[in-house]
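Geometric and topological summary
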Amino acid sequence: MLQDSLGGSFFHAKTALGKNLEEIRRLDDEWCQLHKIYDEQFSEYTNVVLNGGSPNEEKVLFDKCLSLVEKIKFLSEEKRKLAREASDNINSHLETVNDICRVISDKIRETSAADTLLKRKGPSKKSDKRKEVEIKEELEVNEVLNNDTVVAMENEPIYCICREVAYGSMIQCDNDKCPIQWFHLECVKVTEIPKDDELWFCDKCSTKKNVKRKN
């Protein structure tokens with residue numbers, strides 16, 4: 001959707017700028033024609049004045065020159081307006097493009113951060129309601145445990161009673177003070193993930209709390 005907006009912005013900018021330039025070229029051609037006519041009229045007016053023409057003839061030629069000057073000034077102002085409009089349109093579209101690019105960049109960073117969190121840091125202790133975490137690693141295999149790929153990395157957090165890194169499906173103990181917190185499903189022989197409103201305790205915590213663990 002954002003990419004479509006970006007493409008649409010470029011399309012509208014190109015269309016608007018094209019119309020502005022086309023109109024400026026048309027006005028410029030008209031301006032050149034009027035200026036040529038003005039030069040001819042002014043030359044004729046000068047000859048009449050220098051050669052002692054009649055006052056009426058002088059006035060007619062003067063009025064023509066004055067009218068041409070006003071038209072030329074009008075066209076010049078119109079060209080300036082169109083140039084300013086084109087500049088404003090370009091700046092407006094550039095701001096739109098910058099905003100869209102900023103949103104896309106933020107989403108890319110958010111996605112990258114989320115992927116890094118899952119792939120590198122493992123389960124978060126703050127996610128009390130989350131019972132299952134799917135973590136997929138595509139790095140070099142150092143060891144295989146229960147058909148799941150385990151990547152042993154330097155400073156990688158370890159979990160579960162097997163004391164291995166996070167991988168596959170995991171479940172969190174609902175005892176906030178549990179020293180382990182997260183367990184691989186197969187290690188604790190859990191075959192069905194409890195619902196969000198159901199509590200689950202590991203063997204050690206269920207013994208302390210005298211709570212029967214649900215498998």
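Computed from a prediction, not measured in an experiment: that's the story for all the values here. (Residues numbered from 1 in each chain as written. Predicted model: local features only at pLDDT ≥ 70, side-chain atom pairs only at ≥ 80, totals over all residues. Heavy atoms only, no water.)

With that settled, the discussion passes to the overall build of the protein chain. A count of helices and strands for the protein chain gives 3 helices and 6 strands. Burial analysis of the protein chain (215 residues in total) assigns 29% to the buried set. Residue pairs at least 24 apart in sequence account for 55% of intrachain contacts in the protein chain once pairs closer than 6 positions are excluded. For the protein chain, the exposed area adds up to about 14900 Å²; of that, 53% sits on carbon and sulfur atoms. (Helix = DSSP H or I, 4+ residues; strand = E, 2+ residues; numbered from the N terminus. Buried < 20%, exposed > 50% of the residue type's maximum accessible area, 1.4 Å probe, protein only. Contact = heavy atoms within 4.5 Å. Areas by Shrake-Rupley, 256 points an atom, 1.4 Å probe, with all protein chains shown as cover.)

Residues given the UniProt feature "site: Histone H3K4me3 binding" (unreviewed entry) here are Tyr159, Met170, Asp174 and Trp182. With respect to the helices, strands and loops of the structure, methionine 170 is situated in strand S5 (residues 170-172). A relative accessible area of 0% means that methionine 170 is categorised as buried. Relative to the elements of secondary structure, aspartate 174 occurs in the loop between S5 and strand S6 (182-184). Overall, aspartate 174 belongs to the partly exposed group, its relative accessible area being 21%. (UniProt positions renumbered as here; feature names shortened; annotations may be inferred.)

Moving on, we come to the confidence of the model for the protein chain. If pLDDT is low for a region, its predicted coordinates should not be looked at in detail. Summarising the model, the protein chain shows a mean pLDDT of 76, and 71% of its residues fall at 70 or more. Taken element by element, the predicted model of the protein chain shows its lowest mean pLDDT in strand S2 (residues 148-150) (43) and its highest in S6 (93). Of the regions scoring below 50 in pLDDT, residues 117-122 engages in 19 contacts with residues more than four places distant in sequence or in other chains. Under a pLDDT of 50 for its full length, residues 125-153 has, in the predicted model, 68 contacts with residues more than four places off or in other chains. (pLDDT = per-residue confidence, 0-100.)

What the rule picks out here adds up to 4 aromatic pairs. A ring pair is formed by tyrosine 38 and phenylalanine 42, whose centres lie 5.8 Å apart and whose planes are at 25°; its orientation type is stacked. Of the two residues, tyrosine 38 and phenylalanine 42 are both situated in helix H1 (residues 2-50); the distance of 4 residues between them amounts to about one turn of the helix. Between phenylalanine 42 and tyrosine 45, the ring centres sit 6.4 Å apart and the planes meet at 40°, which makes this aromatic pair tilted. In this pair, phenylalanine 42 and tyrosine 45 both sit in helix H1, 3 residues apart, roughly one turn of the helix. Each residue in the set Tyr38, Phe42, Tyr45 and Phe62 is aromatic and connected to the rest through ring pairs, giving one cluster. Over the aromatic face of tryptophan 31 sits the side chain of lysine 79, whose NZ or CZ is 5.0 Å from the ring centroid. (Phe/Tyr/Trp six-rings, centres within 6.5 Å; stacked < 30°, edge-to-face > 60°. Lys NZ or Arg CZ within 6 Å of the ring centre and 35° of its normal.)

What follows covers the UniProt feature "binding site: Zn(2+) 2" (unreviewed entry) in the protein chain. Taking the UniProt record as the reference, the feature "binding site: Zn(2+) 2" (unreviewed entry) is found at Cys173, Cys178, Cys202 and Cys205. A maximum C-alpha distance of 8.4 Å among these annotated residues, which run over 33 residues, shows that they cluster at one spot. Its location among the elements puts cysteine 178 in the loop between S5 and S6. Relative to the elements of secondary structure, cysteine 202 occurs in the loop between S6 and helix H3 (203-209).

Right, let's get into the pattern of salt bridges. Scanning all chains against the criterion turns up 7 salt bridges. Aspartate 28 is paired through a salt bridge with lysine 79; the nearest N and O atoms lie 2.8 Å apart. One end of the pair, aspartate 28, is in helix H1; the other, lysine 79, is in helix H2 (residues 55-121), with 51 residues separating them in the sequence. Residue aspartate 28 is classed as partly exposed on the basis of its relative accessible area, which comes to 30%. With a shortest N-O distance of 3.8 Å, lysine 81 and glutamate 78 are connected by a salt bridge. Remark: glutamate 78 and lysine 81 occur in helix H2; sequence separation between them is 3 residues, near one turn of the helix. (Salt bridge = Lys/Arg side-chain N within 4 Å of Asp/Glu carboxyl O.)

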